[in-house]
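Spelled out, the chains give:
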Amino acid sequence: MSEIPPLPGSAADELLALPPVEELLASAVAVALPMRTRFRGQTVREAMLLRGPAGWAEFAPFGEYEAPETASWLAAAVEAGWRGLGAVGRPRIPINATMPAVGPEQVEAVLRGFGDLDRIPAVKVKVAEAGQSLDDDVARLAEVRRLVPRAMLRADANGAWTRAQALAGAEALADVAGDRLEYLEQPVAGIEPLAALRETLHHRGMTVPIAADEAVRKAEDPLRVARLGAADLIVVKVAPLGGIERALAVVRASGLQAVVSSALDTSIGLAAGLALASRLETPRACGLGTAALLASDVVAAPLIPADGGLDVPQDVDGAATAAGTVRAPAPDERLLAAHRLDAAGQARWRRRLQAAHAGLAGG
Ligand SMILES: O=C(O)CCC(=O)C1=CC=C[C@@H](O)[C@@H]1C(=O)O
Ligand SMILES: [Mg+2]
């Protein structure tokens, strides 16, 4: 298994120099976007947008992430804004709907945000939410299956189940989902526990595939999952993995199938996810439809899936980049003004960027 390249723009990267922090901050604006439904415990998504010579970029590590962990998120932004999103491969990507841990009565409204129900290829359903029970998960999944009987179903526990809960959960969800159950995503935390669970499921004759998410994006060594045979496929997110090129390298070195997912990005960050998906030959729908979970975005035409997929945004003005290049949409000035954080919020995000920059410069 080969090694993965250093973070783009880091001291170790010979291809892309890290711009001075003043240059990154010159165009930086932090925004707070309201969400339609609580997701990941959040009702507001904050992000910082940057404009580099190659286009718009997003720096949006979740609030609980601190430097040096945020360095990879900045590396992805530097790649997007200062090197560009790269060439278009596949021009259209199938997109899964993402179902937060809502009650069954809310399932239909959320699903409709992802377009025509008959065209949704897959639904990723959040399970194991704190304060909820397996019955709640079963009820949510059953309602999804009732509404989109042909869609593939994925259940994402974000590592919140114990081993015993995961074994019970796998059985209960498989009962509801039947042959539609595509995979269980990060049912338990960690890499070794994931590998052990996968083995036990196999011993019990349960063949449901296991996807690793946090075990890839939060691990010091994103290839350990593959080395230990802990998962059948990996979920990859551009920002936590430090950019498109690095995520591509992780996927290729892992030898596993990948599903590209968002980090609940604005449409600017989603463009980078689509750029990655565009260059992968994954047959699976990708989790890049999360603009549908935002009540408002920063661009006039948000990247919300229609007919089960999203077109990869390409350079339209032809001015700055070559044809066939992926290009993030530009923010709308009025939306930026409407969602701009106050002075204290701008200062907080500037400090976060500075800390990430210091981490990247030292790496
Ligand atoms: O994969 C999707 O359908 C959407 C993205 C998504 O689910 C996530 C985005 C950001 C943070 C995560 O908690 C969550 C995930 O665990 O995959
Ligand atoms: Mg996940």
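Reading the values: rules and limits
- Residues numbered from 1 in each chain as written.
- Chains lettered and ligands numbered in written order.
- Predicted model: local features only at pLDDT ≥ 70, side-chain atom pairs only at ≥ 80, totals over all residues.
- Heavy atoms only, no water.
- Pairing = 2+ DSSP bridges.
- Helix = DSSP H or I, 4+ residues; strand = E, 2+ residues; numbered from the N terminus.
- Axes fitted to C-alpha atoms, helices over the stretch in contact; angles between N-to-C directions.
- Contact = heavy atoms within 4.5 Å.
- Donors = N, O, S within 2.8 Å, 3.2 Å for Na, K, Ca; no water.
- Buried < 20%, exposed > 50% of the residue type's maximum accessible area, 1.4 Å probe, protein only.
- Near = heavy atom within 4 Å.
- Polar contact = N/O pair within 3.5 Å; in protein donor to acceptor, adjacent residues only side chain to side chain.
- Nonpolar A, V, L, I, M, F, W, Y, C, P; charged D, E, K, R; others polar.
- Domains from an automatic or database assignment.

(A) The arrangement of the sheet that holds strand β1 (residues 29-39) in detail. Strand order in the open sheet formed by three strands is β1-β2-β3, with antiparallel pairing between adjacent strands. Only two strands of the sheet have a single neighbouring strand rather than two, namely β1 and β3 (55-59). If you compare each strand with its neighbour and ignore which way they point, the axes differ by 35 degrees on average. Where β1 meets strand β2 (residues 42-52), seven bridges bridge the pair, whose relative direction is antiparallel. Bridge pairing in β2 places A32 opposite E46. The strands touched by helix α2 (residues 71-83) are β2 and β3; relative to β3, the strand with the most contacts, the crossing angle is about 175 degrees. Sitting on the sheet, helix α13 (residues 343-362) is in contact with β1, β2 and β3, with an inclination near 65 degrees to β2.

(B) The arrangement of the coordination of the magnesium ion (ligand 2) in detail. Surrounding the magnesium ion (ligand 2) are the protein donor atoms D156 (OD), E185 (OE) and D213 (OD), at 2.0 to 2.3 Å. For the magnesium ion (ligand 2), all donor residues lie on one chain, and their spacing in sequence is D-x28-E-x27-D. With D156 in strand β7 (residues 152-156) and E185 in strand β8 (residues 181-185), the pair connects residues that are 29 residues apart, well separated along the chain. Under the relative-accessibility criterion, E185 is labelled buried at 1%.

(C) How the structure looks around the site of ligand 1. In the vicinity of ligand 1 there are 19 residues, among which T98, K124, N158, K237 and S261 approach most closely. Within the contact set of ligand 1, an oxygen atom lies 2.7 Å away from a side-chain nitrogen or oxygen of K124. Between S261 and ligand 1, the recorded distance is 2.3 Å, taken from a side-chain N or O atom to an oxygen atom. Residues of the shell around ligand 1, tallied by class, amount to four nonpolar, seven polar and eight charged. Residue assignment places the shell around ligand 1 across two domains, with domain 1 (21-84 + 333-362) and domain 2 (92-311) each supplying three or more.

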